[in-house]
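The primary structure of each chain is shown beneath.
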Amino acid sequence: MVEEAESSAQDILTNASEKARKVRQASTAEAEQRKVQMLRETREKAEADARSSDVETESLLENYKKLFENKKDAATKKAVDLILGE
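The numbers attached to residues start from 1 for each chain and follow its sequence in the written order. Owing to the predicted nature of the model, reporting of local features is limited to residues with pLDDT of at least 70; listing and counting of side-chain atom pairs is limited to 80 or more, with chain, interface and lining totals taken over all residues. Note that the side-chain values use all heavy atoms of the structure and ignore hydrogens as well as water.

Attention now moves to the overall build of the protein chain. In terms of regular secondary structure, the protein chain is built from 1 helix and 0 strands. Relative to the globule expectation of 12 Å for 86 residues, the C-alpha radius of gyration of the protein chain, 37 Å, shows a markedly less compact shape. Principal-axis analysis of the C-alpha atoms places the extent of the protein chain at approximately 125 × 10 × 5 Å. Remark: exposure states derive from per-residue accessible area (1.4 Å probe, protein chains only) relative to the maximum for the residue type, with buried under 20%, exposed over 50%, and partly exposed in between. Going through the 86 residues of the protein chain one by one, you find that 0% of them count as buried. Surface accessibility of the protein chain: about 8100 Å² in total, with carbon and sulfur atoms responsible for 58%. Two residue types count as positive, namely Lys and Arg, and two as negative, namely Asp and Glu; His and chain ends fall outside the count. By convention, charge coordinates are those of NZ in Lys, CZ in Arg, CG in Asp, or CD in Glu. Averaging the locations of the 16 positively and 19 negatively charged side chains of the protein chain gives two centres separated by 6 Å. To qualify as a helix, a DSSP run of H or I must reach at least 4 residues; to qualify as a strand, a run of E must reach at least 2; elements of each kind are numbered from the N terminus. The atom set for the radius of gyration is the C-alpha atoms, and the globule formula is 2.2 Å times the number of residues raised to the power 0.38. The Shrake-Rupley method, run with a 1.4 Å probe sphere, supplies the accessible areas, and residue values consider only the shown protein chains as cover.

A pairing counts as a salt bridge when a side-chain nitrogen of Lys or Arg comes within 4 Å of a carboxyl oxygen of Asp or Glu. Taken as a whole and judged by the stated rule, the model has 7 salt bridges. For the salt bridge of R21 with E18, the shortest nitrogen-to-oxygen distance reads 2.5 Å. Here E18 and R21 lie together in helix α1 (residues 2–84), a separation of 3 residues that amounts to about one turn. Residue class for E18 comes out partly exposed when judged on its relative accessible area of 32%. Across the pair K77 and D81 runs a salt bridge whose closest N-O atoms are separated by 3.1 Å.

Relative to the assigned elements, N63 resides in helix α1. For N63, a relative accessible area of 42% gives the class partly exposed. A sequence separation of 55 residues divides N63 from S8, and the C-alpha atoms of the two residues are 82 Å apart.

See below:
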């Protein structure tokens, strides 16, 4: 009877240990999946932010170029007016 109880206790411990191992394994796998998903989302957001920043930078450069051209044209016109005495 004692041997039977020991065997039964050993079986219970073995089963509990196996269940705990499976739970840890499942938790680890789920955490890894969440980590991969978070990294993917973070990378996608960073790429989108970079694209948006590039577009904004291009727009600013284009505006500065137009402003420069306008000022250059105005300076040229003023110089011509001064030379022609107008």
